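What follows is each chain in one-letter form.
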Amino acid sequence: MDLSALAGIVGGVAVAGVGMIYSAVTGGGFWSLPNSIGGILAGAEAGNTRSFGMVTLVGVYFHMVLSAIYGIATVYLAHQLNIGFVFAGIAVGIFFWLFNHFLIGSASEGARKHVQFNPVWLAFLLHVLYGAVTGLVAIALIR
């Protein structure tokens, strides 16, 4: 496996963990976040559950694939612009938050539901956290 993809996966796991804990603490349910992500592919109704199930696995898989791709983008951007991995990671995180929120969020009912899942400020911070963690892990793995 490409080390930049692995860095992205670690960032994705960190963000998912924080998001899932936030959701559980605020009454949304521990599995609600991956279910909501799974609802992007499986449909809004499928993603509208608190229970662990197939939509949870779809959401986790989809999130990890995207996280790996974004990790590759982070390391590529850092190398192309000759900037630090953490700076590149945060930039990639913010870019994909904007991309997800404004473009993907309008693609389907499941995507619209997911964009509305977390408050905007939290979704933004989670993507910044993703970039920072991915950048830090890239430093440890690649340098």
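Rules behind the numbers
Residue positions are given per chain, counting from 1 as you read along its sequence in written order. Local features in this predicted model are restricted to residues whose pLDDT is 70 or higher, and side-chain atom pairs enter the listing and the counts only when it is 80 or higher, whereas totals over whole chains, interfaces and linings include all residues. In computing side-chain properties, one takes all heavy atoms of the structure into account and sets aside hydrogens as well as water. The secondary structure listing takes helices from DSSP runs of H or I that are at least 4 residues long and strands from runs of E that are at least 2 residues long, numbered from the N terminus. We call a residue buried when its accessible area falls under 20% of the maximum for its residue type, exposed when it is over 50%, and partly exposed in between, using a 1.4 Å probe and counting protein chains only. Contact definition: two residues touch when any of their heavy atoms are within 4.5 Å. Any pair of Phe, Tyr and Trp rings, taking the six-membered ring for Trp, is counted once the centres come within 6.5 Å. Such a pair is stacked with planes under 30 degrees apart, edge-to-face with planes over 60 apart, and tilted for the rest. All axes are obtained by fitting lines to C-alpha atoms, using only the stretch in contact for helices, and the reported angles, taken between N-to-C directions, cover 0 to 180 degrees. Here roughly perpendicular refers to angles of 65 to 115 degrees, roughly parallel to angles under 35, roughly antiparallel to angles over 145, and oblique to all remaining angles. Each crossing gets its handedness from the near helix: less than a right angle anticlockwise from the far helix is left-handed, clockwise is right-handed. Asp, Glu, Lys and Arg are counted as charged, while Ala, Val, Leu, Ile, Met, Phe, Trp, Tyr, Cys and Pro are counted as nonpolar; the rest, among them Gly, fall into the polar class.

Colleague: Run through the side chain of S4, naming residues and quoting values.
Modeller: In this structure, S4 sits in helix 1 (residues 3-25). Assessed through its relative accessible area of 5%, S4 is described here as buried. For S4, the residues in contact, after removing those within four places along its chain, are A68, G71, I72, V75 and I142.

Colleague: Break down the packing of aromatic side chains for me, with residues and values.
Modeller: Tallied over the entire structure, the rule returns ten aromatic pairs. With a centroid separation of 6.5 Å and 80° between ring planes, the pair formed by Y70 and Y130 is classed as edge-to-face. Of this pair, Y70 sits in helix 4 (residues 54-81) while Y130 sits in helix 7 (residues 120-142); the two residues are 60 residues apart in sequence, bridging distant segments of the chain. In this pair, the class of Y70 matches that of Y130, namely buried.

Colleague: So what's going on with the environment of L98? Residues and values would help.
Modeller: For L98, the position within the fold is in helix 5 (residues 85-102). Taking relative accessible area as the criterion, L98 reaches 37% and is therefore assigned partly exposed.

Colleague: Summarise the environment of F30; cite the residues concerned and give the values.
Modeller: Within the secondary structure, F30 is located in the loop between helix 1 and helix 2 (32-42). Expressed as a C-alpha distance, the spacing of F30 and R50, which sit 20 residues apart in the sequence, is 7.1 Å.

Colleague: So, the packing of helix 4 against helix 5: which residues are in play, and what are the values?
Modeller: Orientation of helix 4 relative to helix 5, taken along the N-to-C sense of each, is 130°, at an axis distance of 8 Å. Between helix 4 and helix 5, the crossing angle belongs to the class labelled oblique. The interaxial crossing formed by helix 4 with helix 5 has right-handed handedness. Where helix 4 approaches helix 5, its residues Y70, A73, T74, V75, L77, A78 and H79 are matched on the opposing element by F85, A88, G89, A91, V92, F96 and N100. Of the residues contributing to the contact of helix 4 with helix 5, the split by class is ten nonpolar, four polar and no charged.

Colleague: Tell me about the packing of helix 1 against helix 7, residues and numbers included.
Modeller: One way to put it is that helix 1 packs onto helix 7 with a least axis distance of 8 Å and a crossing angle of 145°. Note that helix 1 runs across helix 7; the crossing there is right-handed.

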